[in-house]
Amino acid sequence: MVRDDLFITVPSLFRCPISLDVMKSPVSLCTGVTYDRSSIQRWLDNGNNTCPATMQVLHSRDFVPNHTLQRLIQIWSNSVRHRSNSPDSPIQLVPSLSPDQARDLIKEIESKPEDCLECMSKIICFARESEESRKFLARIDGFVSLLVDFLGSGNANFLALEQVVRVLDMIISEHEDHKQLANSMLKSDRDCLSSILLVLQQGSAESRIASARVLESIAIDAESKLLIAEKDGLFSELIRIMSTETDPTMIESTLSCLIAVSMPRRIRPKIVRLGVVKQLTKLLSDPNWSVSVTEKALKLLEMASSCKEGKSEICENSECVSAIVQKMLKVSSTATEHAVTILWSVCYLSRDDRAQSTVTQNNGLTKILVLMQSNCSPAVRQLAGDLLKIFRVSSKSCLSSYDTKTTHIMPF
């Protein structure tokens, strides 16, 4: 049982306005606002020339260490550890906020939306506490609409936009009417997608992950997916994230978002033209990604292979075909199914000699035969059978290849 005094309220002054975490190295801008060094450095490195909290234009991008605040944080941290009776004891930093207080904060945001940063920060902490807290927030009359109005206003300061996106990410799954919420966010007279795109481009890692998840959540039908896909710069930014980021959670949330939005076939040529095949090839060529990331990368590549532009791009990229073959039988049954479907599309449907040659050179025929003899689904066995036919491999030569090379295959 955890003692009550191990639940510590973090003074809001100690939290970085960007990350909302306790600051490790507080520094102050020329505007007088203090941030954690890593957070504000990332903001400035992204090309911004304003103070995130006040949106004032910076006449100097320099910042100075706030030694006084750092000493206060250190004193507070030491006192917390002393209370825990052990320097190694885990300390749970949670807000002392009741549901009634959360409701009062929301009323305060409604009355003073231009000065909502502190209130929204407390609500984020409250939402992080538990599923019950998130359900409570989602069911407060008008709160979700307030968040959507904030996103769609087009004149909120950037830090507020980040906070709104984070709150939406945490409570959107608890909202009772997803369709109504999606329609509200995608109305032509709102600018919600522009706000989400801005957070994707310039926000913290947590905020960008939340943005991708919110987009996935509102992509509920063909109409909503098309509206999202038509937003200038949105797909480009999602694909750019895949090429530049190394955070597994961010990569996975980006892939999930692209998969959800690209379900309508008419959207898929667009992501191909924006270079998704090249970026997916890079992901698949890296052996260090998790099973989940690999499965999603193959799923998105399978979707791309269903259009002629995608087939052509894959066939022209021998590294892509090679990476697909390498993932067969080495990751999971789901990954293998996606890989076989892609190969079937480019080798069997398209009859592309380049793709067929790459499959052969990478021991693909042996893997297909092993798959045929495994406990795979009837659909996958049919696709594998079609592939063997197109390669015109006789049963005898297949068995010979299996006998001599199967020891090199890693089972999933």
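Predicted, not measured: the structure shown is a model, and the values here were computed from it.

Q: What should I look at first to understand the nonpolar core in this one?
A: Taken as a class, soluble globular proteins show a tendency for nonpolar side chains to be buried jointly. Tyr35, Leu137, Phe143 and Met185 are the most contacted members of the largest nonpolar core, which has 134 residues in total. At ten residues, the largest contribution of residues to this core is made by helix α7 (residues 158–171).

Q: Would you explain empty space enclosed by the protein in this entry?
A: Tallied over the full model, the rule gives one cavity of 30 Å³ or more. The space that makes up the largest cavity amounts to roughly 50 Å³. As for the largest cavity, its lining consists of Ile18, Ser39, Arg42, Trp43, Asn46, Phe158, Glu162, Gln202, Gly203 and Ser204. At three residues, the largest contribution of residues to the lining of the largest cavity is made by helix α1 (residues 37–45). Its residues placed into classes, the lining of the largest cavity shows three nonpolar, five polar and two charged.

Q: Just checking my understanding: could you explain helix α17 (residues 308–316) for this structure?
A: The α-helix advances 3.6 residues per turn, and as a result positions three or four apart in sequence lie on the same side. Of the residues making up α17, those classed as buried are Gly310, Lys311, Ile314 and Cys315. Along the axis of α17, the buried residues cluster in a sector spanning 130°; they form a single face. The exposed set on the far side of α17, more than 90 degrees from its buried face, consists of Lys308 and Glu316. At its buried positions, α17 is contacted by α14 (268–273), α15 (276–285), α16 (291–304), α18 (318–327), α19 (333–349) and α20 (353–361).

Q: Please explain the packing of aromatic side chains as it appears in this structure.
A: Centre distance and the angle of the planes are the two values used to describe a pair of aromatic rings. Going through the model one piece at a time under the given rule, you end up with four aromatic pairs. Look at phenylalanine 14 and tryptophan 76: their rings are 5.7 Å apart centre to centre, the planes differ by 65°, and that puts the pair in the edge-to-face class. Taken together, the residues phenylalanine 14 in the loop between β1 (7–8) and β2 (26–28) and tryptophan 76 in helix α2 (residues 67–83) connect sequence positions 62 residues apart. The interplanar angle of 20° and the centroid separation of 5.7 Å between the aromatic rings of tryptophan 344 and tyrosine 348 together place this pair among those described as stacked. Placement of the pair is tryptophan 344 and tyrosine 348 together in helix α19, with a separation of four residues, close to one helical turn. A residue is classified by how much of its surface remains accessible, and tyrosine 348, at 23% relative accessible area, is partly exposed. The aromatic ring of tyrosine 348 is capped on one face by arginine 351, whose charged end is 4.7 Å from the ring centroid.

Q: Teacher, can you tell me more about the pattern of salt bridges here?
A: Close approach of charged atoms allows side chains with opposite charge to pair. For the structure shown, the criterion picks out ten salt bridges. Lysine 122 is the salt-bridge partner of glutamate 118, the closest N and O atoms lying 3.6 Å from each other. Of this pair, glutamate 118 and lysine 122 both sit in helix α4 (residues 117–129), four residues apart, which is roughly one turn of the helix. Under the relative-accessibility criterion, lysine 122 is labelled partly exposed at 36%. A salt bridge links arginine 166 to glutamate 206, with the nearest nitrogen and oxygen atoms 3.7 Å apart.

Q: For this particular structure, what's the right way to read the sheet that holds strand β3 (residues 34–36)?
A: Strand pairing in a sheet takes place through backbone hydrogen bonds and is either antiparallel or parallel in direction. Sheet architecture is open: three strands sit in the order β3-β2-β4, paired in antiparallel fashion. One side of each edge strand has no neighbouring strand; the edge strands of this open sheet are β3 and β4 (64–65). One ladder, built from two bridges, connects β2 with β4; its direction is antiparallel. Residue valine 27 lies in a different strand from β4, and its bridge partner there is proline 65.

Q: Explain α4 to me, please; I cannot follow it from the model alone.
A: Taking 1.5 Å of rise per residue, 13 residues should cover 18 Å, and α4 covers 19 Å from first to last C-alpha, within 8% of that figure. Three or more residues of α4 are buried, namely Cys119, Met120, Ser121, Ile123, Ile124, Cys125, Phe126 and Ala127. On its buried face, α4 sits against α3 (99–111), α5 (131–138), α6 (143–152) and α7.

Q: I tried to follow the packing of α16 against α18 on my own but got confused; where do I start?
A: The relative placement of two packed helices comes down to the angle between their axes together with the axis-to-axis distance. In contact at an axis separation of 12 Å, α16 and α18 are set at 130° when each is read in the N-to-C sense. Taken together, α16 and α18 sit at an angle that is classed as oblique. Of the two elements, α16 crosses α18, and the hand of that crossing is left-handed. Contact residues: Thr294, Leu298 and Leu301 in α16; Cys320, Ile324 and Lys327 in α18.

Q: What exactly am I supposed to notice about unusual backbone geometry here?
A: Trans peptide bonds make up the majority, and among non-glycine residues the majority have a negative phi. Unlike most non-glycine residues, leucine 329 shows phi in positive territory, near 65°. Note on placement: leucine 329 falls in the loop between α18 and α19. Given a relative accessible area of 4%, leucine 329 falls into the buried group. Even without glycine at this site, arginine 351 takes up a positive phi of about 55°. Position of arginine 351 among the secondary structure elements: in the loop between α19 and α20.

What counts and how
- Residues numbered from 1 in each chain as written.
- Predicted model: local features only at pLDDT ≥ 70, side-chain atom pairs only at ≥ 80, totals over all residues.
- Heavy atoms only, no water.
- Core = buried A, V, L, I, M, F, W, Y, C linked by side-chain atoms within 4.5 Å.
- Buried < 20%, exposed > 50% of the residue type's maximum accessible area, 1.4 Å probe, protein only.
- Helix = DSSP H or I, 4+ residues; strand = E, 2+ residues; numbered from the N terminus.
- 1 Å grid on protein atoms, 1.4 Å probe; cavity = no way out; pocket = protein on both sides within 12 Å on 5 of 7 lines; lining within 4 Å.
- Points joined across faces, edges and corners; volume = space filled by probe spheres on them.
- Nonpolar A, V, L, I, M, F, W, Y, C, P; charged D, E, K, R; others polar.
- Arc of directions from axis to C-beta.
- Contact = heavy atoms within 4.5 Å.
- Phe/Tyr/Trp six-rings, centres within 6.5 Å; stacked < 30°, edge-to-face > 60°.
- Lys NZ or Arg CZ within 6 Å of the ring centre and 35° of its normal.
- Salt bridge = Lys/Arg side-chain N within 4 Å of Asp/Glu carboxyl O.
- Pairing = 2+ DSSP bridges.
- Expected span 1.5 Å × (residues − 1).
- Axes fitted to C-alpha atoms, helices over the stretch in contact; angles between N-to-C directions.
- Parallel < 35°, antiparallel > 145°, perpendicular 65-115°, else oblique.
- Left-handed = near helix turned anticlockwise from the far one by under 90°.

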